[in-house]
Amino acid sequence: MWEAKLEPNVISYSAGISACEKGEQWQRALALLSEMWEAKLEPDVISYSAGISACENGEQWQRALALLSEMWEAKLEPDVISYTAGISACAKVEQWQPALALLSEMWEAKLEPDVISYSAGISACEKGEQWQRALALLSEMWEAKLEPNVISYSAGISACAKCEQWQWALALLSEMWEAKLEPDVISYNAGISACAKCEQWQRALALLSELREAKLESNAASYSPAIVALLRRRDATG
DNA sequence: CTAGGGTTAG
């Protein structure tokens, strides 16, 4: 654009930053942010949030946090989306403590985290194998009148699955029905995975049937854990 | 008109 004597604006730069998604492109994203300052095109909240997401994809969680600080310094108040992107950046690399710290920081900054922020936090707990904390976040959402949705619950069930807490995974599935939230394939698959990991193969198969009865389209992730559980049982029983 | 955030297996 510069070469064509067309001056890019803040939106063009933000789009460019957002395009720096894969692999090592986070460096390019950060370079674009600096370039904006040099060109006196002040990056806005969206440009920075896109930069934070680029850091997430590049697994650069500290740099994501650094961008959030930089925003405060530049008097560009990060919004709910900027923070949520930061939480995801931490989640991606299993940094559940900084992810939860960001959630608290949001409340302190009077930036009310929304359902997406909490779901990202639950996902961070899942990656960091903190199932109790994932459950705590779900309760916290209800208390804050932020109704968890199917995605929040699926993330919670995954956290239970990862930590081999099949009873809690099933409890969350029931809780969804009580809350009139219909579990989707992802919720079921996470539940099947939890049961399968704990050698609860009958329960895994029961969930698989439920999934089919609900006319939800099963996929490879629905069957793999159940098959693994059955194979383990076969090996165990000879 | 054109830009930013959350869920599943192994």
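Under an unreviewed UniProt entry, chain A has the name Pentacotripeptide-repeat region of PRORP domain-containing protein and belongs to Prorocentrum cordatum.

Visitor: Just to check I follow, could you spell out the UniProt feature "repeat: PPR" (unreviewed entry) in chain A for this structure?
Guide: On the UniProt side, "repeat: PPR" (unreviewed entry) is annotated at positions that read residues 9–43, 44–78, 79–113, 114–148, 149–183 and 184–218 here. Taken end to end, residues 184–218 has its terminal C-alpha atoms 10 Å apart, with 74% of it in helix and 0% in strand.

Visitor: What is the right way to look at the protein's contact with DNA strand B in this model?
Guide: Among the 37 residues in the neighbourhood of DNA strand B, the closest are listed as D44, S49, D79, D114 and N189. Within 4 Å of the protein, the contacting atoms of DNA strand B are drawn from sugar and phosphate to the extent of 40%. Separating a base nitrogen of DNA strand B from a side-chain N or O atom of D44 is a distance of 2.7 Å. N149 is positioned with one of its side-chain polar atoms (N or O) 2.8 Å from a base nitrogen of DNA strand B. Those elements that provide at least two residues to the surface near DNA strand B are α1 (10–19), α3 (45–57), α5 (80–92), α7 (115–127), α9 (150–162), α11 (185–197) and α13 (220–237). Examining the composition of the surface near DNA strand B, we find that 7 residues originate from one element, α7, more than from any other.

Visitor: Whenever I open this one, the environment of L102 confuses me. Can you help?
Guide: By the secondary structure assignment, L102 is in helix α6 (residues 96–108). Its relative accessible area of 4% is what places L102 among the buried residues. Between the alpha carbons of L102 and L172 there is a distance of 25 Å; along the sequence they are 70 residues apart. Residues within four places of L102 in sequence aside, it is in contact with L65, L68, Y83, G86, I87 and C90.

The rules behind each value
Residues numbered from 1 in each chain as written. Chains lettered and ligands numbered in written order. Predicted model: local features only at pLDDT ≥ 70, side-chain atom pairs only at ≥ 80, totals over all residues. Heavy atoms only, no water. UniProt positions renumbered as here; feature names shortened; annotations may be inferred. Helix = DSSP H or I, 4+ residues; strand = E, 2+ residues; numbered from the N terminus. Near = heavy atom within 4 Å. Polar contact = N/O pair within 3.5 Å; in protein donor to acceptor, adjacent residues only side chain to side chain. Buried < 20%, exposed > 50% of the residue type's maximum accessible area, 1.4 Å probe, protein only. Contact = heavy atoms within 4.5 Å.

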